[in-house]
Amino acid sequence: ADRDWKDLSGSGFSSLFLVFCLLVSGTVYDIKLNAPTMGSIPDPKAGIIKPQAFMVGRINGQYVAEGISAGFLVFVGGLGLVLLHRADEGSASNRNNRFLLIFAGFLSIIIGFNLLTAFVRIKIPGYLLSSV
């Protein structure tokens, strides 16, 4: 029984999208390596230990909270693409609904992209910044 991807129901697509986001967030990595939820770093001025959400300087390592946050932002960007598709396919009943779907879709994509770029810049200081 050949099923076309267009025949996939809304709940089936949602399930696959959720599994994709969990895989992108590094759930398998976190379970296999028993990664900590968050790290800690000593504050030299105050002499206390502060929580750390990003494993700075290690591109191949992550904390659980870091991975889940990045996976959520991938989800937000993908949701923006789904909203744009819904606006284009004509499921919006009137012009205002279509405009709202387009606006929310573009906003979701822009937010997801910019925050993921900020995450990468936190993780790799100086990333994509010119040294000239």
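The coordinates are above.
Residues numbered from 1 in each chain as written. Predicted model: local features only at pLDDT ≥ 70, side-chain atom pairs only at ≥ 80, totals over all residues. Heavy atoms only, no water.

Draft legend 1. Quick look at the packing of aromatic side chains. The tally for this structure, following the rule as stated, stands at five aromatic pairs. Between Phe 17 and Phe 20, the ring centres sit 6.5 Å apart and the planes meet at 20 degrees, which makes this aromatic pair stacked. Of this pair, Phe 17 and Phe 20 both sit in helix α1 (residues 10-24), three residues apart, which is roughly one turn of that helix. Here Phe 54 and Phe 119 contribute two aromatic rings whose centre-to-centre distance is 4.8 Å and whose plane-to-plane angle is 70 degrees, an arrangement assigned as edge-to-face. You can see Phe 54 sitting in the loop between β2 (49-52) and α3 (64-89) and its partner Phe 119 sitting in helix α4 (residues 95-123), a full 65 residues away along the chain. (Phe/Tyr/Trp six-rings, centres within 6.5 Å; stacked < 30°, edge-to-face > 60°. Helix = DSSP H or I, 4+ residues; strand = E, 2+ residues; numbered from the N terminus.)

Draft legend 2. A look at the layout of surface pockets. Of the pockets and cavities examined, the second largest pocket occupies roughly 250 Å³. Lining the second largest pocket are 14 residues; nearest its centre among them are Gln 62, Glu 66, Ala 70, Val 120 and Lys 123. Residue assignment for the lining of the second largest pocket shows that the elements contributing at least two residues are α3 and α4. The residue makeup of the lining of the second largest pocket, split by class, is eight nonpolar, four polar and two charged. (1 Å grid on protein atoms, 1.4 Å probe; cavity = no way out; pocket = protein on both sides within 12 Å on 5 of 7 lines; lining within 4 Å. Points joined across faces, edges and corners; volume = space filled by probe spheres on them. Nonpolar A, V, L, I, M, F, W, Y, C, P; charged D, E, K, R; others polar.)

Draft legend 3. Quick look at a nonpolar patch on the surface. The grouping of Phe 99, Phe 103, Leu 107, Ile 111 and Leu 115 at the surface amounts to a nonpolar patch, some 480 Å² of accessible area in total. Positionally, Ile 111 belongs in helix α4. (Patch = residues over 30% accessible without salt bridge, like charges linked within 9 Å, V, L, I, M, F, W, Y side chains within 5 Å. Areas by Shrake-Rupley, 256 points an atom, 1.4 Å probe, with all protein chains shown as cover. Salt bridge = Lys/Arg side-chain N within 4 Å of Asp/Glu carboxyl O.)

Draft legend 4. Structural context of unusual backbone geometry. Phi at Asn 34 takes a positive value of approximately 50 degrees, unusual for a residue other than glycine. Position of Asn 34 among the secondary structure elements: in the loop between α2 (27-33) and β1 (39-42).

Draft legend 5. Representation of the packing of α1 against α3 in the model. Between α1 and α3, the shortest axis-to-axis distance is 8 Å and the interhelical angle comes to 145 degrees. Seen from above, α1 lies across α3 with right-handed handedness. Where α1 approaches α3, its residues Phe 13, Phe 17, Phe 20, Cys 21 and Val 24 are matched on the opposing element by Gly 71, Val 74, Phe 75, Gly 78, Leu 79 and Val 82. Residues belonging to the contact of α1 with α3 are distributed by class as follows: nine nonpolar, two polar and no charged. (Axes fitted to C-alpha atoms, helices over the stretch in contact; angles between N-to-C directions. Left-handed = near helix turned anticlockwise from the far one by under 90°. Contact = heavy atoms within 4.5 Å.)

Draft legend 6. Structural context of the packing of α3 against α4. Look at α3 against α4: their axes get within 8 Å of each other, and the N-to-C directions meet at 155 degrees. Judged by the inter-axis angle, α3 sits roughly antiparallel to α4. For the element pair α3 and α4, the recorded crossing hand is left-handed. Split into classes, the residues belonging to the contact of α3 with α4 amount to 16 nonpolar, six polar and five charged. (Parallel < 35°, antiparallel > 145°, perpendicular 65-115°, else oblique.)

Draft legend 7. Representation of the side chain of Glu 66 within the structure. For Glu 66, the position within the fold is in helix α3. Here Met 55 takes part through its backbone nitrogen, which lies 3.2 Å from a polar atom of the side chain of Glu 66. Residues contacting Glu 66, with those up to four places away along its chain left out, are Ala 53, Phe 54, Met 55, Gly 61 and Lys 123. (Polar contact = N/O pair within 3.5 Å; in protein donor to acceptor, adjacent residues only side chain to side chain.)

Draft legend 8. Highlighting the pairing of β1. Where β1 lies against β2, four bridges are found, and the strand directions are antiparallel. Bridged to Ser 40 within β2 is Pro 51. The turn linking β1 back onto β2 is made up of six residues, and Gly 47 within it adopts a positive phi angle of 75 degrees. (Pairing = 2+ DSSP bridges.)

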